[in-house]
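# An overview of the molecular structure
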Amino acid sequence: MHGLVLLDENNSVLRNAILWNDVRTTKECEEIYKRVGKKKLLDITKNLALEGFTLPKILWVKNNEPKIFKKVKKFLLPKDYVRYKITGEIHTDYSDAAGTLLLNQTTKQWSREICELLNIDPLICPSLINSHEKVGTVTHHVAEITKLSTTTSVFAGATDNACGAIGSNVLENGKVLASIGTSGVILSYEESNNKDFNGKVHYFNHAVPDAYYTMGVTLSAGHSMAWFKNTFAPNVSYQQLLSEIEYIPAESNGLLFTSYIVGERTPHVDSNIRGSFIGIDTSHDMKYFTRAVLEGITFSLNESIEIFRRNGNRMDTIVSIGGGTKNNTWLQIQADIFEAQIAKLTNEQGSGMRAAILAAVGCGWYKTLKKCASILINTHTVYYPKQENSKKYKELYSLYQEIYGNTKHLDERLKNFRY
């Protein structure tokens, strides 16, 4: 999602792809606001200009690599390029297009207005297609390499988070997804795109036709846990590291962690903020720090949940997927902090299962994504909030929310000392 692949007139790649987590584009985001305007951008795309999105990357190449940019005839998202190499057909689906900052969400067409304001030829935008639609079949060349039949159908696919929602049966109002991978996502199904979150969360087209989803993002979720382990316990397995946290009471004896180690997205669009441990004393050993990291990641995700609840979204049951499901204590922490039931799925096959659901509907085996998902996706365990823990976490969360404002000015000054 958000990545940029540039093709020339022969559909050959012009440069290395620029991926979603590349943040070289701060100046280009400022350029978008200056030339398009924040209000117009929100009205058209429902999203703010963030460094990770595709349009700022296009502008970066335009501004910094003009010779390459002159040769651009099409841009694609990474999965679309892989699909092109399999089929010889060029498309992107609506869910990925919505993450470029070039799609008019209301008309479901590329925005000629944004392109014109930024001097971008709208013809470089690929054709649009629904996620479950067939785009072609395997070429003879690919069939020879893979031994697949040339009659093998290939479908458009969708973004990771739209697929995550399908594979978690988040396909109707009231369904919510918590996906904890490298980054963390709270995703809510939306029937329309007429809610006004003022850009605090992302608003994207769903893989479900004519539906949408809103999404809050923690930039460093599982990444924070991986950083902590690799830095402080490199020779210990995750299972060993997490083995004692269930014996640590909620609130980690007054130790707080903020997961801003690569900046933050929701609710603070801030690439300069950095993480911190607050409240360290001599009673805190490795198991306290470990639990504090898990609690801090979950507090960050809870900020997205609060935004959704303030806007009237129901958050009674949340389906948890990804690394956040690998430890029962972390699932209970999610239930306690979110004050919601947390559902763990029976099948955690991830992207493979979700892509299979799209293909199954595309093949006509099921009439709708919802019908297919209801048959293939089942709940394994439900974790319920413990009121005593939720009460403690509510008090601790209010302190957690003060850390950003109280450390922002320090991080801005510390920026001058970073490599």
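Located above this text is the structure these notes cover.
In short, a report on the structure. Not measured: the values here are computed from a predicted model. (Residues numbered from 1 in each chain as written. Predicted model: local features only at pLDDT ≥ 70, side-chain atom pairs only at ≥ 80, totals over all residues. Heavy atoms only, no water.)

## What to know about the overall build of the protein
- Summing up its helical and strand segments, the protein has 16 helices and 17 strands in all.
- Its C-alpha radius of gyration of 22 Å places the protein within 12% of the 22 Å reference for a compact globule of 419 residues.
- Viewed in the frame of its principal axes, the protein has a C-alpha envelope of about 65 × 50 × 45 Å.
- A burial count over the protein gives 54% of its 419 residues as buried.
- Excluding contacts between residues fewer than 6 apart, the proportion of contacts in the protein whose partners are at least 24 apart in sequence is 70%.
- Approximately 19,000 Å² of the protein is accessible, and the part contributed by carbon and sulfur atoms is 50%.
- Of the charged side chains in the protein, 48 are positive and 43 negative; the average position of the first set lies 4 Å away from that of the second. (Helix = DSSP H or I, 4+ residues; strand = E, 2+ residues; numbered from the N terminus. Rg over C-alpha atoms; globule rule 2.2 N^0.38 Å. Buried < 20%, exposed > 50% of the residue type's maximum accessible area, 1.4 Å probe, protein only. Contact = heavy atoms within 4.5 Å. Areas by Shrake-Rupley, 256 points an atom, 1.4 Å probe, with all protein chains shown as cover. Lys, Arg positive; Asp, Glu negative; His and termini not counted. Charge placed at Lys NZ, Arg CZ, Asp CG, Glu CD.)

## Re the pattern of salt bridges
- This model, assessed by the stated rule, comprises 22 salt bridges.
- With a closest N to O distance of 2.9 Å, Lys 408 and Asp 270 form a salt bridge. A residue pair is termed long-range when its members are at least 10 positions apart, and Lys 408 in helix α16 (residues 387-414) and Asp 270 in the loop between β13 (256-258) and β14 (276-278) qualify at 138 residues.
- Among the ionic pairs, Glu 339 bridges to Lys 394, the shortest N-O distance being 3.9 Å. In this pair, Glu 339 is assigned in the loop between α13 (328-338) and β16 (341-345) and Lys 394 in helix α16, connecting sequence segments 55 residues apart.
- A single salt-bridge network, built from bridges that share partners, covers Lys 79, Asp 80, Arg 83, Asp 93 and Asp 96. (Salt bridge = Lys/Arg side-chain N within 4 Å of Asp/Glu carboxyl O.)

## Section: helix α15 (residues 369-376)
- Looking only at α15, the buried set comprises Leu 369, Cys 372 and Ala 373. For α15, the arc enclosing every buried residue in end-on projection is 95°, short of the 170-degree limit, so these residues lie on one face. (Arc of directions from axis to C-beta.)

## As for the sheet that holds strand β9 (residues 176-180)
- One open sheet holds the seven strands; their spatial order is β11-β12-β10-β9-β15-β16-β17, and the pairing between them is mixed. Edge positions in the sheet fall to β11 (202-205) and β17 (379-383), since each has one partner strand and no second. Neighbour-to-neighbour, the strand axes of this sheet turn through a mean angle of 30°, independent of strand direction.
- Summarising the sheet, strand β15 (residues 317-322) and β16 pair through four bridges and their orientation is parallel. Within β16, the position partnered with Val 319 by the bridge is Ala 343. (Pairing = 2+ DSSP bridges. Axes fitted to C-alpha atoms, helices over the stretch in contact; angles between N-to-C directions.)

## Considerations on the pairing of β15
- As defined by bridge partners, β9 adjoins β15 across five bridges and the pair is classed as parallel. Paired with Ser 179 across the two strands is Ile 321, which belongs to β15.
- Chirality of the crossover, the property in question, places the unit of β15, α13 and β16 among those that are right-handed. (Right-handed = clockwise from strand over helix to strand, strands pointing away.)

## What about the nonpolar core?
- Counting residues in hydrophobic clusters, the biggest one holds 65 residues, and the most contacted among them are Leu 55, Phe 75 and Leu 102.
- Each residue touching Leu 55, except ones within four places of it in the same chain, is listed here: Ile 32, Thr 100, Leu 101, Leu 102, Ile 114, Leu 118 and Ile 120.
- In terms of nonpolar packing, the next biggest core, distinct from the first, is built from 50 residues, Val 201, Tyr 203, Tyr 288 and Met 315 among them. (Core = buried A, V, L, I, M, F, W, Y, C linked by side-chain atoms within 4.5 Å.)

## Some points on the packing of α13 against α16
- The geometry of α13 relative to α16 is characterised by a closest axis approach of 8 Å and an angle of 65° between their N-to-C directions. When the interaxial angle is binned, α13 and α16 end up roughly perpendicular. When you trace α13 past α16, the crossing you get is right-handed. Of the residues in α16, those touching α13 at Ile 333, Ala 335, Asp 336 and Ile 337 are Asn 389, Ser 390 and Tyr 393.
- A per-class count over the contact of α13 with α16 returns four nonpolar, two polar and one charged. (Parallel < 35°, antiparallel > 145°, perpendicular 65-115°, else oblique. Left-handed = near helix turned anticlockwise from the far one by under 90°. Nonpolar A, V, L, I, M, F, W, Y, C, P; charged D, E, K, R; others polar.)

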